[in-house]
Each structure stands twice: as C-alpha cells, then as structure tokens.
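# A structural walkthrough
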Amino acid sequence: MPREAAESLRAELGRLRISADVHEGHDLALVSVWVGLVVWCDGQRFWWRTSWNARRRRFVYAWHSSSEPEGAARRVALWYAQLRREGPVLPEEVDHGPR
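Cut-offs applied
- Residues numbered from 1 in each chain as written.
- Predicted model: local features only at pLDDT ≥ 70, side-chain atom pairs only at ≥ 80, totals over all residues.
- Heavy atoms only, no water.
- Helix = DSSP H or I, 4+ residues; strand = E, 2+ residues; numbered from the N terminus.
- Buried < 20%, exposed > 50% of the residue type's maximum accessible area, 1.4 Å probe, protein only.
- Contact = heavy atoms within 4.5 Å.
- Areas by Shrake-Rupley, 256 points an atom, 1.4 Å probe, with all protein chains shown as cover.
- Expected span 1.5 Å × (residues − 1).

### As for the overall build of the protein chain
Within the protein chain, the regular secondary structure consists of two helices and five strands. Going from the N terminus to the C terminus, the protein chain shows its helices and strands as α-β-β-β-β-β-α. Within the span of the protein chain, comprising 99 residues, buried residues form 31% of the whole. Partitioning the contacts of the protein chain with sequence separation of at least 6, the portion at a separation of at least 24 is 40%. Taken as a whole, the protein chain presents about 6600 Å² of accessible surface, with 50% of it coming from carbon and sulfur.

Have a look at this one:
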C-alpha cells in the first residue's frame, strides 16, 4: 500500500511539472523530489522535513493524508519552489547547539 500511495503522489507532482522518483523498502515508500526534499509514505500519510527547530535540536515535519494525493502534491510543490529559490539547509548551517 505505501508504494501505491507514493506513486499517486508522484503522478500528481508530475501533473504540476515536478519530476520525482519512488523507492520502497521496510514497509515505507519514498518519493525523492529534490535535494533536501524526500517525502516518506507509510500508506496512510505522507511526511517531509520543513525546517529545523534549534531549541529542540531536531527537524520539523509537515504531513498530509495519503488519501488526498492532490492536496499533498500542492503542499510539496510549494516547499519544492522554496527549496529551488533558497537551496537546501546544509548540515553546517543547522545550529545543533552545545554538545
């Protein structure tokens, strides 16, 4: 089921002229969209990293139901456009705080 949901997201992204690849394994499917933009799918929801929370020292994720691939694709497309403009967050740019 994760593969089918991921393929539906890939198809919707294609309608928005965004190419992506689907990979699967370990009961998950991944939709590889752009540098720094991978969408995970477990068959019930899609999720992707959106920012870094310096206080908690971890990434923040957005998610969308896999039953609505059109809506998920629109949201992923907005994040894709931002990454294309600004580039991905590189590890040295992330404030990991004191160790």
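### A word on helix 2 (residues 69-86)
An α-helical turn contains 3.6 residues, so a residue and the one three or four places further along point in the same direction. The end-to-end C-alpha distance of helix 2, which contains 18 residues, comes to 25 Å, matching closely the 26 Å that a straight helix rising 1.5 Å per residue would cover. Taken residue by residue, helix 2 has Pro69, Gly71, Ala72, Ala73, Val76, Ala77, Trp79, Tyr80 and Leu83 as its buried positions. In the core, the buried residues of helix 2 are packed alongside helix 1 (2-15), strand 2 (28-34), strand 3 (37-41), strand 4 (45-53) and strand 5 (58-65). Remark: Gly87 follows helix 2 within two positions and exhibits a positive phi of approximately 85°.

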